[in-house]
Amino acid sequence: MAGEQEAPGRSFEAGGEAGRGEEGRGEEGNSLEAGHSFEVILETPEGVRKLFCDEDEYLWYAAARAGVKLPAICLQGRCLECAGKLLQGRVDESSADSYFPDDEMAGFVLLCRGRPCSSVRIRTHQSGPMRAHRIAKGLPAPYA
Ligand code: FES
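Keep in mind that what you see is a predicted model, and the values were worked out from it rather than measured.

### Observations concerning the overall build of the protein chain
For the protein chain, the count of helices and strands is three helices and eight strands. By the burial criterion, 33% of the 144 residues in the protein chain qualify as buried. Restricting to contacts in the protein chain with at least 6 residues of sequence separation, those with at least 24 account for 56%.

Take a look at the structure:
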């Protein structure tokens, strides 16, 4: 895809999650512990970026580690500044301070407290649409 670029950091292979142990992790002298690392595709205003996120890592931090700067205020899953729209895959938002079933049904995720449960594709910079969604549902919409 035009404009698609791989974020610096780990090597990337299309087609899903990296394996455990010796298969997808720990190569090139990394001292990574066993665990899944999922492929993450971010559709940002600057283009599409690809990176990996560990299953126990928040997406916002994985993006930052890969050099992808995303908006944030609270980093606790409350302010909605880091909101994204989940286009593919599953994200665990159980650590977010404020996340509602309606948010999930509408496809919104909070990248600062979202952990991947699969390979994911996410459109970033969705704070405006997520705040509008919250207002429409009568839910908290900080900074709206
Ligand atoms: S930075 Fe506030 S909800 Fe993510």
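So much for the structure itself; the text now carries on.
### A short note on the environment of Glu55
Tracing the backbone through its elements, the reader meets Glu55 in the loop between β3 (47-54) and α1 (59-65). The class for Glu55 is partly exposed, based on 14 C-beta atoms found within 10 Å. If near-sequence neighbours (up to four positions away) are discounted, Glu55 is found in contact with Gly35, His36, Phe38, Arg115 and Pro116.

### Digging into the nonpolar core
As a rule of thumb, nonpolar side chains are buried together in soluble globular proteins. Within the largest apolar cluster, 28 residues are counted, with the highest numbers of intra-cluster contacts made by Val40, Leu51, Leu59, Ala62, Ala63, Leu110 and Leu111. Not counting residues up to four positions away in its chain, the partners in contact with Leu111 are Leu59, Trp60, Ala63, Leu70, Cys82 and Gly84.

### Some thoughts on the pairing of β3
Along any regular strand, the residues point their side chains to alternate faces of the sheet. Pairing of strand β2 (residues 37-44) with β3 involves eight bridges; the strand directions are antiparallel. Bridge pairing in β3 places Ser37 opposite Asp54. Between β2 and β3, which pair antiparallel in sequence order, lie two residues.

### Digging into the pairing of strand β8 (residues 120-123)
Alternating residues of β8 divide into Val120 and Ile122, all buried, and Arg121 and Arg123, none buried. Note: β2 against β8, four bridges, orientation parallel. Each residue of the ladder has a partner; that of Leu42, found in β8, is Ile122. Alignment of strand β4 (residues 83-88) against β8, held across three bridges, turns out to be antiparallel. Across the sheet, Lys85 pairs through a bridge with Arg123, a residue of β8.

### Regarding the confidence of the model for the protein chain
Scored by pLDDT, the protein chain has a mean of 85; 76% of the residues are at 70 or more. Counting interchain partners and residues more than four positions distant, the pLDDT-below-50 stretch residues 8-32 has 30 contacts.

### Here's the deal with unusual backbone geometry
The backbone of Leu75 shows a phi angle near 55°, a positive value even though the residue is not glycine. Examined against the element boundaries, Leu75 turns out to sit in the loop between α1 and β4. Of note in this structure, Leu80 is not a glycine but carries a positive phi near 75°. What makes Leu80 buried here is the crowd of 28 C-beta atoms within 10 Å.

Parameters and conventions
- Residues numbered from 1 in each chain as written.
- Predicted model: local features only at pLDDT ≥ 70, side-chain atom pairs only at ≥ 80, totals over all residues.
- Helix = DSSP H or I, 4+ residues; strand = E, 2+ residues; numbered from the N terminus.
- Buried ≥ 20, exposed ≤ 12 C-beta atoms within 10 Å, placed from the backbone.
- Contact = placed C-beta atoms within 7 Å.
- Core = buried A, V, L, I, M, F, W, Y, C linked by C-beta atoms within 7 Å.
- Pairing = 2+ DSSP bridges.
- pLDDT = per-residue confidence, 0-100.

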